[in-house]
Amino acid sequence: MSENASQFENYHPVRGLSYLFLDFNAYFASVEQHDHPELMGRPVIVTPLQSEHTGAIAASYEAKAFGIKRGTKVKDARELCPDIAVMPARHDRYVQLHNLLMAEIQRHLPLVKIYSIDEAAFQLSRSERDPARAIETAKKVKCGIAENVGPAMRASIGLAPSRLLAKLAAERVKPDGLTVLQLSDLPGKLAEMPLRDIPGVGAGVERRLARADITNFPALWALEPKQARAIWGSVTGERFWYGLHGYETVEEPTKKSMIGHSRVLSREYEAPDRARLVARALLLKAASRLRHYGMHASSMSLSVRLRPEGRWETARRFSYSQDSYLFLKTLNDMWTELIQFQRKNNAEGRLGGVTVYLHGLAKEADSKMQQGDLFADAAVAQTDDKRAKLWRIIDQINADPKDKFNRLSGAKEASVKTRHISLASQSSVDLNYLGAKIAFSRVPDEAEFLY
Ligand SMILES: [Mg+2]
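Residues numbered from 1 in each chain as written. Predicted model: local features only at pLDDT ≥ 70, side-chain atom pairs only at ≥ 80, totals over all residues. Heavy atoms only, no water.

A. How the structure looks around the nonpolar core. Membership of the largest hydrophobic core comes to 37 residues, with the highest contact counts inside it found for Leu22, Phe24, Tyr27, Met153 and Leu159. When residues of this core are traced back to their parent elements, those giving at least two are strand E2 (19–24), helix H2 (27–35), strand E3 (44–47), strand E5 (85–88), helix H5 (91–105), strand E7 (119–123), helix H6 (131–148) and strand E8 (155–160). Top contributing element to this core by residue count: H5, with five residues. Counting residues domain by domain, this core receives three or more from each of domain 1 (2–24 + 94–251) and domain 2 (27–91). In this structure Tyr27 touches Tyr94, Leu97, His98, Leu101, Ile117, Asp118 and Met153, once residues within four positions along its chain are discounted. (Core = buried A, V, L, I, M, F, W, Y, C linked by side-chain atoms within 4.5 Å. Buried < 20%, exposed > 50% of the residue type's maximum accessible area, 1.4 Å probe, protein only. Helix = DSSP H or I, 4+ residues; strand = E, 2+ residues; numbered from the N terminus. Domains from an automatic or database assignment. Contact = heavy atoms within 4.5 Å.)

Printed below as a string of structure tokens:
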């Protein structure tokens, strides 16, 4: 595996606190407090929709004090705290504020990477890497946010030699933390940290670690890179080791590898035929983004959460395409497979969530894509191309009036928007609302911390 060995030549131990990782606290709830000052200092939860049957997707720290957290049902939250403010999510607004916040922080520091709507890593310059200077810079960032955006937008900041360590540092103190983690602090400072709290250690890795007798941080710390690779079963383990020990690579600009959306299903969309409408809407939105980026997809995956428990997943490959009809047809086949699975297993039928992704992306000019097309039927490719053009026109018609409408309706208004062209069978599903879920569903891939 010599090619694996060479990829670590780029890794170098970082001297000093090179990274500032910033994690906004109870982000959605904080935005609601920011926009509604009367909610400052009050218990607030944010729900995916206006319904008593959903669970909170965010809880303010004041709500957390009542034992309310992400996932708490609205009715339980009201029992725990009758005074709670229940706010339906406004994802467009959360994205707007995210952009404002990122712009404000970048007045102080260059951005390295955005991990999710409320998490990002920034780089400290060489002269800022000793603890006193790094802390001074972090305080400037906090002041800038409070003064130029708003005091409701609090963040926990971690300062460390690698992004993974900076993220772990940020996790230490919430809300409003500022934590320095140096290599000399390790493993002692994190000795008590459960392994599962580390990005990159999922349930599977945790089990494999346990089998190797590694059940606490000091034991994890004592591993050699080769052992980490063996336990993870791939080079990912070695990357993890490097991040954990304060090594970093120079971050390359993000290359999109997939586009997709995910959505938790409310009670009215739990039945498979209703959930299918949601899946289709998510897919149409993803396809529209795909065309927007000028990309083509060559595979698609569907993952559904089953109620009361479990998950079912499937994937399909096809020739590179931008055609929503092909994607919808593929989704139909997948859905048939799901229903068959449910019948065979006497599964109850209700679904808790759907995730649809387009993968294997390439631009027209990519050699990857040209190679792929060798296998494609020329006639099929031509039809595909014509349809893709038609979809791009539909995308434009849908995009233009929306912008005007948004300007008229104002940023803080609840999002009431129209799609001008949509599929008849989809008219009961608000595509714009689903589209705005991008930010919410963009859960950072844990592996991203390792690259
Ligand atoms: Mg957060």
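B. Broad picture of the side chain of Gln342. Position of Gln342 among the secondary structure elements: in helix H13 (residues 324–344). In this structure Gln342 comes out as buried when scored by relative accessible area, which is 6%. Within the structure, the side chain of Gln342 is placed 3.4 Å from the backbone oxygen of Gly349, a separation counted as a polar contact. (Polar contact = N/O pair within 3.5 Å; in protein donor to acceptor, adjacent residues only side chain to side chain.)

C. How the structure looks around the pattern of salt bridges. The tally for this structure, following the rule as stated, stands at 18 salt bridges. The shortest N-O distance in the salt bridge between Arg42 and Asp83 comes to 3.6 Å. In this pair, Arg42 sits in the loop between H2 and E3 while Asp83 sits in the loop between helix H4 (74–80) and E5, placing the two residues 41 residues apart along the sequence. For the salt bridge of Asp176 with Lys142, the shortest nitrogen-to-oxygen distance reads 3.0 Å. Placement of Asp176 in the loop between helix H7 (163–172) and strand E9 (178–180) and of Lys142 in helix H6 is noted, with a sequence separation of 34 residues between them. (Salt bridge = Lys/Arg side-chain N within 4 Å of Asp/Glu carboxyl O.)

D. Here's a closer look at a positive patch on the surface. A cluster of basic residues, Lys73, Arg267, Arg305 and Arg311, forms a positive patch at the surface. The residue Lys73 is located in the loop between helix H3 (61–64) and H4 in this model. (Patch = residues over 30% accessible without salt bridge, like charges linked within 9 Å, V, L, I, M, F, W, Y side chains within 5 Å. Areas by Shrake-Rupley, 256 points an atom, 1.4 Å probe, with all protein chains shown as cover. Lys, Arg positive; Asp, Glu negative; His and termini not counted. Charge placed at Lys NZ, Arg CZ, Asp CG, Glu CD.)

E. View of the sheet that holds E5. The mixed open sheet is built from three strands, whose spatial order is E4-E3-E5. Of all strands in the sheet, those bounded by a partner on one side alone are strand E4 (58–59) and E5. Both E3 and E4 contribute to a ladder of two bridges, which runs antiparallel. Along E4, the bridge assignment pairs Val46 with Ala58. (Pairing = 2+ DSSP bridges.)

F. The arrangement of the packing of aromatic side chains in detail. Going through the model one piece at a time under the given rule, you end up with 13 aromatic pairs. An angle of 70° between the planes, with centres 6.4 Å apart, marks the rings of Tyr27 and Tyr94 as edge-to-face. In this pair, Tyr27 sits in helix H2 while Tyr94 sits in helix H5, placing the two residues 67 residues apart along the sequence. Taken individually, Tyr27 and Tyr94 each receive the classification buried, so the pair is uniform in this respect. Within the aromatic cluster, the residues linked to one another by ring pairs are Phe24, Tyr27, Phe28 and Tyr94. (Phe/Tyr/Trp six-rings, centres within 6.5 Å; stacked < 30°, edge-to-face > 60°.)

G. How the structure looks around the coordination of the magnesium ion. The coordination sphere of the magnesium ion, as far as protein atoms go, consists of Asp23 (OD), Phe24 (O) and Asp118 (OD), spread over 2.2 to 2.4 Å. Written as a sequence motif, the donor arrangement for the magnesium ion is D-F-x93-D. Residues Asp23 and Phe24 agree in their burial class; the two are buried. (Donors = N, O, S within 2.8 Å, 3.2 Å for Na, K, Ca; no water.)

H. A look at H13. Under the 1.5 Å per step criterion, the end-to-end length of H13 is 30 Å for 21 residues, consistent within 8% with the ideal 30 Å. The set of residues buried in H13 consists of Ser324, Phe327, Leu328, Thr330, Leu331, Met334, Trp335, Leu338 and Gln342. Considered in projection along H13, the buried side chains sweep an arc of 160° and stay on one side of the axis. Of the exposed residues in H13, the ones pointing more than 90 degrees away from its buried face are Lys329, Arg343 and Lys344. Of the residues flanking the end of H13, it is Asn346, one or two places downstream, whose phi is positive at about 50°. (Expected span 1.5 Å × (residues − 1). Arc of directions from axis to C-beta.)

I. Expanded view of the sheet that holds E2. Strand order in the open sheet formed by five strands is E6-E7-E2-E8-E9, with mixed pairing between adjacent strands. Both outer strands of the open sheet, strand E6 (111–116) and E9, are each paired with one neighbouring strand and no more. Shown here is a sheet whose adjacent strand axes are inclined to one another by a mean of 15°, direction ignored. Strand direction decides the pairing type here: E6 and E7, joined by four bridges, are antiparallel. (Axes fitted to C-alpha atoms, helices over the stretch in contact; angles between N-to-C directions.)

J. Up close: the side chain of Ser303. Residue placement: Ser303 occurs in strand E12 (residues 295–306). For Ser303, a relative accessible area of 9% gives the class buried. With sequence-adjacent residues up to four places away left out, Ser303 is seen in contact with Arg311, Trp312, Glu313, Gly353, Val354 and Thr355.

K. Up close: the environment of Tyr293. In this structure, Tyr293 sits in the loop between helix H12 (272–292) and E12. On the basis of relative accessible area, Tyr293 is assigned to the partly exposed category, the value being 30%. Separated by 70 residues in sequence, Tyr293 and Lys363 have C-alpha atoms that sit 8.5 Å apart.

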